[in-house]
Amino acid sequence: MADLNDPIPAGRDDWWRHAVVYQVYVRSFADSDGDGIGDLPGITSRLPHLAELGVDALWITPFYTSPQHDHGYDVADYTDVDPLFGRLSDADDLVARAHELGLRVVVDLVPNHTSDEHAWFQAALAAGPGSPERARYLFRDDPTDRPGTPPNNWESVFGGPAWTQVDDGQWYLHLFDSTQPDLDWRNPEVPEMFEGVLRFWLDRGVDGFRVDVAHGLFKEASLRDQVVEPGGRPASGAGEMVERNVSDEPMWDQPEVHDVYRSWHRILDEAGADRMAVAEAWTQTPESMAAFVRPDELDQTFNFAWLLADWSAEAFADVITSTLAAVEGVGAAPTWVLSNHDVVRHVTRYGGGEQGLARARAATLTMLALPGSSYLYQGEELGLEQVDVAPEDRQDPSYLRTGEVGRDGCRVPIPWAGTEAPYAFGPGAGQPWIPQPDDWAALTVGAQATDPTSTLAFYTDALRIRRGFAWTAGEEVSMLDLGADVVAFERGPITVLLNCGTAPVELPAGEVLLASGPVDGTLPPDTAAWLR
Ligand code: NOJ
Ligand code: MG
């Protein structure tokens, strides 16, 4: 692999340990054919942007054959590319070009459920109750004591019951949309199929996998009712998508799931010590998060506690210390993430506007100095905010099931250049699948690339400076006490300060390597700095 961006010490295979990984939401990154929907050749054509930005890898959301009811997270064929996004050869070209540019490629794997258009589910419907085809999913009869009602009280993460009844009266479980039937991982055919899928993509040269709903594959075998009590924790199904107060989760984070990751660990190892997997596991505690990255399981797991933390020095510092303690216990590297395609963009979470952007840049700078890897979500390097998508343009299945604003607002296509929509998202004037705001002219990659004060320039600087210390500053973090409003820590030669308060903070002695906003002897509120 070329080393254009590669700060990874020679001889190390665990490139992900301190990597910056950029998430590409395939529909919304770049469109090559003018249909208004991003695609694989579009991504390939824009890889130089990622190389110049200075990330180490990209993670691409699902581009497999899919009816797109959940925009690709409903897979009908795991080993082919949806025509909407291109062909298998386009995936090969993308991987090859990324590797030429020194970028690793992580693809998404969706093992919890298939699409209802997957051949297995179609066969299950046709074969009827009691058949081996139905046994690949979680079909159940009416409960004998409550005829005509679903087998248990579980709710879909996207709202409404987690069960749908078919014509012959049986119900099937879907923790997400009704077009996403859950597989029965206790049926040996299921792990066998996914081992084949892993090998298929590893053979095509991908460097890793992001495992969707990694905490969900096994349900408590009894499929008993969930105990719902007021005042519990928010459901860990999918972060901000749901706000149900439950602490009893018979559908998530069952112990059996870890055997799956032990077997995948072996498959990844066979393909090469430099292949990895990162879990999307919404767990309840740092310790249950760390269980996914024990030495014989997956390599990384998203640290959603960081993204869920409020704007407060105490909250950020707590997440840092509890995360480091939890992953250190199992010898894994921590990860950090502030935005993805499922949550409100962090500029908006922190209040939006100038203050939201200042805070977002400050939180980002803080995260990028921590040991471990950081995951960035496309568009955050442009400082994009959540878009208020008009009801008629919303497409998120959770919106369609509940009428509540869903995740469309963080999925608006990227503005590349120009002064009006589609901002060079695709060729010509064809409009993208979700309309872009008409005030994005100053936010395009083209506009920001030439402005040294832009958020894009800030990210580029941060990643360049980070490459100078990411692998040498060590894993050790010492928290400093600079008052209740300041997150402060040292990592090797680097000192990091984040001011979450309302008054400026005296800067300690040292050279300011980079700050997230103007600094002048003091660190203003909503600002972070790296010092040496
Ligand atoms: C998590 C994915 O990130 C989300 O977008 C998707 O809707 C669910 N898993 C279901 O696959
Ligand atoms: Mg297209």
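Naming follows an unreviewed UniProt entry, where the protein chain appears as Glycoside hydrolase family 13 protein of Nocardioides hwasunensis. What UniProt records for the protein chain under Sequence similarities (unreviewed entry) is the sentence "Belongs to the glycosyl hydrolase 13 family."

**Looking at the overall build of the protein chain**
Along the backbone of the protein chain there are 14 helices and 20 strands. Taken along its principal axes, the extent of the C-alpha atoms in the protein chain is 70 × 50 × 50 Å. When burial is assessed residue by residue, the protein chain has 60% of its 532 residues classed as buried. Across the protein chain, the fraction of contacts at a sequence separation of at least 24, relative to all contacts at a separation of at least 6, is 66%. Only carbon and sulfur atoms are counted for the fraction: they give 50% of the accessible area of the protein chain, which is about 19200 Å². Here the protein chain contributes 36 positively and 85 negatively charged side chains, and the mean placements of these two sets differ by 3 Å.

**What about unusual backbone geometry?**
In this chain, Ala-421 is followed by Pro-422 through a cis amide linkage whose omega measures 10°. Relative to the elements of secondary structure, Pro-422 occurs in the loop between helix H12 (397-402) and helix H13 (445-449). One non-glycine residue, Ala-424, lies in the positive phi region at around 60°. One can find Ala-424 in the loop between H12 and H13. For Ala-424, a relative accessible area of 34% corresponds to the partly exposed category. In this model, Asp-526 sits at a positive phi of 60°, which is unusual for a non-glycine residue. For Asp-526, the location among the structural elements is in the loop between strand S19 (522-523) and strand S20 (527-531).

**A short note on the pattern of salt bridges**
Considering all chains together, one arrives at 27 salt bridges under this definition. Two residues, Asp-212 and Arg-210, come together in a salt bridge whose shortest N-O distance is 2.8 Å. Comparing Asp-212 with Arg-210, the two get one shared label, buried. Ionic contacts of the salt-bridge type, sharing partners, join the residues Asp-70, Asp-342, Asp-396, Arg-407 and Arg-411 into one network.

**Things to note about the coordination of the magnesium ion (ligand 2)**
Protein coordination at the magnesium ion (ligand 2): the donors are Asp-31 (OD), Asp-33 (OD), Asp-35 (OD), Ile-37 (O) and Asp-39 (OD), at 2.2 to 2.3 Å from the metal. Sequence positions of the donors to the magnesium ion (ligand 2) reduce to the motif D-x1-D-x1-D-x1-I-x1-D. Since its relative accessible area comes to 47%, Asp-33 is described here as partly exposed.

**Things to note about the sheet that holds S20**
Read across the open sheet, the five strands follow the order S14-S15-S16-S20-S18; overall the sheet is antiparallel. The sheet is open, and its two edges are formed by strand S14 (478-479) and strand S18 (512-515), each paired on a single side. Bridge count between strand S15 (residues 486-491) and strand S16 (residues 494-499): six bridges; the pairing is antiparallel. Along S16, the bridge assignment pairs Phe-489 with Val-496.

**Re the sheet that holds strand S8 (residues 171-173)**
Pairing is antiparallel across the open sheet formed by three strands, whose spatial order is S6-S8-S7. Where the open sheet ends on each side, the last strands, each with one partner, are strand S6 (139-140) and strand S7 (163-165).

**Some details on the side chain of Ser-131**
Take Ser-131: it is sitting in the loop between helix H4 (119-127) and S6. For Ser-131, the side chain forms a polar contact with the main-chain oxygen of Gly-128, separated by 2.7 Å.

**Remarks on the packing of aromatic side chains**
In this structure the tally under the stated criterion is 28 aromatic pairs. With centroids separated by 5.6 Å and ring planes inclined at 85°, the aromatic side chains of Phe-63 and Trp-201 adopt a geometry described as edge-to-face. Of this pair, Phe-63 sits in the loop between strand S2 (57-60) and strand S3 (64-65) while Trp-201 sits in helix H5 (residues 189-203); the two residues are 138 residues apart in sequence, bridging distant segments of the chain. Classification of Trp-201 by relative accessible area gives buried; the value is 2%. Ring geometry for Phe-158 and Phe-176: centres 5.4 Å apart, planes at 70°, overall edge-to-face.

**Some words on helix H11 (residues 353-369)**
Across its 17 residues, H11 extends 25 Å between first and last C-alpha, which sits within 8% of the 24 Å expected from 1.5 Å per residue. When you tally the buried positions in H11, you get 12 out of 17 residues, the bulk of the element. Gly-356, Arg-359, Ala-360, Arg-361, Ala-362, Ala-363, Thr-364, Leu-365, Thr-366, Met-367, Leu-368 and Ala-369 are the residues of H11 that are buried.

**A closer look at the pairing of strand S5 (residues 104-109)**
Summarising burial for S5: six of the six residues are buried, a large majority. Neither face of S5 is left uncovered, since the one carrying Arg-104, Val-106 and Asp-108 and the one carrying Val-105, Val-107 and Leu-109 both have all their residues buried. In this structure, S2 lies alongside S5, joined through four bridges in parallel fashion. Across the sheet, residue Trp-59 finds its bridge partner in S5, namely Val-106. With four bridges connecting them, S5 and strand S9 (residues 208-211) associate as parallel partners. Directly across from Val-106, in S9, lies its bridge partner Gly-208.

**Description of the side chain of Arg-361**
Looking at the element boundaries, Arg-361 is found in helix H11. Despite its burial, Arg-361 pairs with no opposite charge, the nearest such side chain being Asp-461 at 7.8 Å. Looking at Arg-361, its side chain comes within polar contact range of the main-chain oxygen of Ser-516, at 3.0 Å. If we skip the residues at most four places from it in the chain, Arg-361 touches Thr-453, Ser-454, Thr-455, Phe-458 and Ser-516.

**Description of the site of ligand 1**
In the vicinity of ligand 1 there are 13 residues, among which Asp-70, Arg-210, Asp-212, His-341 and Asp-342 approach most closely. Between ligand 1 and Asp-70 there is a distance of 2.5 Å, counted from an oxygen atom to a side-chain nitrogen or oxygen. A distance of 3.0 Å is found between an oxygen atom of ligand 1 and a side-chain nitrogen or oxygen belonging to His-113. Coverage of ligand 1 by the protein chains reaches 100% of its 290 Å² of free accessible surface.

What counts, and where the lines are drawn
Residues numbered from 1 in each chain as written. Chains lettered and ligands numbered in written order. Predicted model: local features only at pLDDT ≥ 70, side-chain atom pairs only at ≥ 80, totals over all residues. Heavy atoms only, no water. UniProt positions renumbered as here; feature names shortened; annotations may be inferred. Helix = DSSP H or I, 4+ residues; strand = E, 2+ residues; numbered from the N terminus. Buried < 20%, exposed > 50% of the residue type's maximum accessible area, 1.4 Å probe, protein only. Contact = heavy atoms within 4.5 Å. Areas by Shrake-Rupley, 256 points an atom, 1.4 Å probe, with all protein chains shown as cover. Lys, Arg positive; Asp, Glu negative; His and termini not counted. Charge placed at Lys NZ, Arg CZ, Asp CG, Glu CD. Salt bridge = Lys/Arg side-chain N within 4 Å of Asp/Glu carboxyl O. Donors = N, O, S within 2.8 Å, 3.2 Å for Na, K, Ca; no water. Pairing = 2+ DSSP bridges. Polar contact = N/O pair within 3.5 Å; in protein donor to acceptor, adjacent residues only side chain to side chain. Phe/Tyr/Trp six-rings, centres within 6.5 Å; stacked < 30°, edge-to-face > 60°. Expected span 1.5 Å × (residues − 1). Near = heavy atom within 4 Å.

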